[in-house]
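# Structural features, examined
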Amino acid sequence: KLSAMNARERDRYRNADVGFIFQNFNLLGNLSIVDNVLVPFLPRGIAADMRHRAVDLLDHVGLANRLHHRPGELSGGEQQRVAIARAIAKQPEILLCDEPTGALDSQTGVLVLEALDQVNRELGTTTALITHNTVIGQMADRVIHIADGRIASVEKNSTRCAPEDLAW
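The model shown is predicted, which means the values in this text are computed figures rather than measured ones.

On the surface, Ile144, Ile146, Ile151 and Val154 cluster together into a nonpolar patch covering about 410 Å² of accessible area. Listed by contribution, the elements that provide at least two residues to the nonpolar patch are strand E4 (142-147) and strand E5 (150-156). Considering the arrangement of structural elements, one finds isoleucine 146 in strand E4.

Pasting the structure below:
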C-alpha cells in the first residue's frame, strides 16, 4: 500500500494515521501541555472540541491536574505521558515508539508502559515499540529482534505480562 503511494500521499497518511513517541519527548517548552497535545492539529486549525479532546487525553494519562503547566515543570515520566497524549490525539492506526522508557527510571517507565498498553487495548492502535530493554518484550504480542538492520528472529508471546509485572 505505502509503496504504491506518491510522496504527497505518504505525507498525508503519516500525518493522519501514524502517531510518534520519541525518547526525548519533543515537547514545545513555551506551550502548556494542553497546547502541546494540540500541535498535530495546528496546520488545520484547532476547534473547541479538539481542546476538550486534549483535556480528556491528558486526564486519560493521569495529568488532568497539570493542564496549564509547561513541559519544564513536569517530571520526565509526565512529559512522556504528554507525548503519548499528543501521539494519540489523531487516533492513529499505528503508534511508533522510539525508546519511550529509555530516559526514565523503572517505576516511571512502568507508568508510561501502562499508558501505552491502555491505548493499545482501548483504541485498538497497532503499537510498535523500539527498545533495548528486552524485558518490555514480555508485554508484546510479538517480538521482532533486529540485528545489523535485518530481522534476526520473530517470537510470538502466548501470554502477555502486564507492565507492572515486568522485572527490570
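So much for the structure itself; the text now carries on.
For helix H5 (residues 106-123), built from 18 residues, the straight-helix expectation of 26 Å at 1.5 Å per residue is met to within 8% by its first-to-last C-alpha distance of 25 Å. Where H5 is concerned, the buried positions are Thr108, Gly109, Val110, Val112, Leu113, Ala115, Leu116, Asp117 and Val119. Next to the buried residues of H5 lie strand E1 (18-21), helix H4 (76-88), strand E2 (94-98) and strand E3 (126-130). A side-chain oxygen of the first residue of H5 lies 3.1 Å from the backbone nitrogen of glutamine 107; this N-cap is aspartate 105. Where H5 ends, the next residue or the one after it, glycine 124, has phi of about 70 degrees, a positive value.

Moving on, we get to the packing of aromatic side chains. Scanning all chains against the criterion turns up 1 aromatic pair. Between phenylalanine 20 and phenylalanine 22 the ring centres are 6.1 Å apart and the planes differ by 10 degrees, which places this aromatic pair in the stacked class. Look at phenylalanine 22 and you get partly exposed, because its relative accessible area is 31%.

We now examine the pattern of salt bridges. Opposite charge on two side chains permits them to pair, given that their charged atoms come into close proximity. Under the defined criterion, the tally for this structure stands at 6 salt bridges. One salt bridge connects arginine 51 with aspartate 35, and the closest N-O pair in it is separated by 3.1 Å. Residue arginine 51 is located in helix H3 (residues 48-60), and its partner aspartate 35 is located in helix H2 (residues 33-38); the two are separated by 16 residues in the primary sequence. Looking at arginine 51, the relative accessible area reads 38%, which means it is partly exposed. Sharing partners across several salt bridges, the network here consists of Asp117, Arg121, Asp141 and Arg160.

Moving on to the nonpolar core. Among the nonpolar cores identified, the biggest contains 34 residues, and Val37, Leu58, Val82, Ile84, Leu95 and Leu116 are the most heavily contacted of them. Among the secondary structure elements, those contributing two or more residues to this core are H2, H3, H4, E2 and H5. At 6 residues, the largest contribution of residues to this core is made by H4. Not counting residues within four places of it along the chain, the set of residues in contact with leucine 58 comprises Ile33, Val34, Val37, Leu63, Ala64, Leu67, Val82 and Ala85.

Basis of the calculations
- Residues numbered from 1 in each chain as written.
- Predicted model: local features only at pLDDT ≥ 70, side-chain atom pairs only at ≥ 80, totals over all residues.
- Heavy atoms only, no water.
- Patch = residues over 30% accessible without salt bridge, like charges linked within 9 Å, V, L, I, M, F, W, Y side chains within 5 Å.
- Areas by Shrake-Rupley, 256 points an atom, 1.4 Å probe, with all protein chains shown as cover.
- Salt bridge = Lys/Arg side-chain N within 4 Å of Asp/Glu carboxyl O.
- Helix = DSSP H or I, 4+ residues; strand = E, 2+ residues; numbered from the N terminus.
- Expected span 1.5 Å × (residues − 1).
- Buried < 20%, exposed > 50% of the residue type's maximum accessible area, 1.4 Å probe, protein only.
- Contact = heavy atoms within 4.5 Å.
- Polar contact = N/O pair within 3.5 Å; in protein donor to acceptor, adjacent residues only side chain to side chain.
- Phe/Tyr/Trp six-rings, centres within 6.5 Å; stacked < 30°, edge-to-face > 60°.
- Core = buried A, V, L, I, M, F, W, Y, C linked by side-chain atoms within 4.5 Å.

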